[in-house]
Amino acid sequence: RALGIMATAQGLGFCLGPVLGGYINDHLGWHGIFFVNIPVGIFTIIAAIKTIPSRQPVPSDRRVDLSGAVLIFICLSALIYALNSISGMGLKNPMVISGFVISAVTFMLFIIQEKRASNPILDLSLFLNRDFAFATISALCVVFVYMGLIFLLPFYLSMVRGIDTMHSGLMLM
């Protein structure tokens, strides 16, 4: 049920996002996009209050895997820094290369830490299930391809083809 709700919300977002974004951009300018967060936030808070139980049992033996949290934070921060810096500094820049190296090393340390942790952030034993592992990998590939298209196509449609953002959003939908 939860996966169905998540998939429905994601599908609606993929379909309605470009259209609503194009409409808002055409009529309010790009600053208007940020006002969407207010009604979405209010709706989310109301939905959470109505659906999430107010009391949940909290196990007393659960401790936060602080080492894992720090490692994955450093890993993702270094990766994002490196990816964002490529366009300005170039791929051969030592800072960019260092970002990728730090990201790779901390990711490996994160995996080692998660195997040892009593309460890991990411339970790696889930990936021993072949169905789960392949489903996760295929979903990741689909998201990468789709996000690449949904990120690049609006620029192509508006800058190269000269189509306004509202119609670009309709075409993306």
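Cut-off values and rules
Residues numbered from 1 in each chain as written. Predicted model: local features only at pLDDT ≥ 70, side-chain atom pairs only at ≥ 80, totals over all residues. Heavy atoms only, no water. Helix = DSSP H or I, 4+ residues; strand = E, 2+ residues; numbered from the N terminus. Rg over C-alpha atoms; globule rule 2.2 N^0.38 Å. Buried < 20%, exposed > 50% of the residue type's maximum accessible area, 1.4 Å probe, protein only. Contact = heavy atoms within 4.5 Å. Areas by Shrake-Rupley, 256 points an atom, 1.4 Å probe, with all protein chains shown as cover. Expected span 1.5 Å × (residues − 1). Polar contact = N/O pair within 3.5 Å; in protein donor to acceptor, adjacent residues only side chain to side chain. Phe/Tyr/Trp six-rings, centres within 6.5 Å; stacked < 30°, edge-to-face > 60°. Axes fitted to C-alpha atoms, helices over the stretch in contact; angles between N-to-C directions. Parallel < 35°, antiparallel > 145°, perpendicular 65-115°, else oblique. Left-handed = near helix turned anticlockwise from the far one by under 90°.

### Some points on the overall build of the chain
In terms of regular secondary structure, the chain is built from six helices and zero strands. For the chain, the N- to C-terminal ordering of α and β elements is α-α-α-α-α-α. The C-alpha radius of gyration of the chain comes to 21 Å, more than 25% above the 16 Å expected for a compact globule of 173 residues. Once the C-alpha set of the chain is aligned to its principal axes, its extents read approximately 55 × 50 × 30 Å. By residue count, 17% of the 173 residues in the chain fall in the buried class. Counting contacts in the chain only where the partners sit at least 6 residues apart, residues at least 24 apart contribute 52% of the total. Carbon and sulfur atoms form 73% of the exposed surface of the chain, whose accessible area is close to 13,400 Å².

### What about helix α5 (residues 130-160)?
The end-to-end C-alpha distance of α5 is 44 Å, a good match for the 45 Å that 31 residues give at a rise of 1.5 Å each. A side-chain oxygen of the first residue of α5 lies 2.9 Å from the backbone nitrogen of Asp 131; this N-cap is Asn 129. Once α5 finishes, Gly 162 follows within two positions and takes phi at roughly 75°, a positive value.

### Overview of the side chain of Gln 113
Position of Gln 113 among the secondary structure elements: in helix α4 (residues 94-116). Leaving out residues up to four positions away in the same chain, Gln 113 has contacts with Asp 65, Ser 67, Gly 68 and Leu 71.

### With respect to the packing of aromatic side chains
The relation between two aromatic rings is expressed through the spacing of the ring centres and the mutual angle of the planes. Applying the stated criterion across every chain yields a total of three aromatic pairs. Both rings, one in Phe 151 and one in Phe 155, keep their centres 5.6 Å apart while their planes meet at 70°; by these two values the pair is edge-to-face. Separated by four residues within a single helix, Phe 151 and Phe 155 lie in helix α5, roughly one turn from each other. For Phe 151, a relative accessible area of 54% puts it in the exposed group.

### Examining the environment of Phe 73
With respect to the secondary-structure elements, Phe 73 resides in helix α3 (residues 66-89). A relative accessible area of 60% means that Phe 73 is categorised as exposed. Residues Phe 73 and Leu 109, 36 residues apart in the sequence, show an inter-C-alpha distance of 12 Å.

### Concerning the packing of α5 against helix α6 (residues 165-172)
Each pair of packed helices can be summarised by the angle the axes make with each other and by the distance between the axes. Relative orientation of the contacting elements α5 and α6 amounts to 135°, with a least axis distance of 10 Å. By the criterion of interaxial angle, the relationship of α5 to α6 is oblique. For the pair α5 and α6, the sense of crossing is right-handed. Here Ile 150, Leu 153, Pro 154, Leu 157 and Ser 158 of α5 lie close against α6, whose contacting residues are Ser 168, Met 171 and Leu 172.

Coordinates in, geometry out; function isn't part of it.
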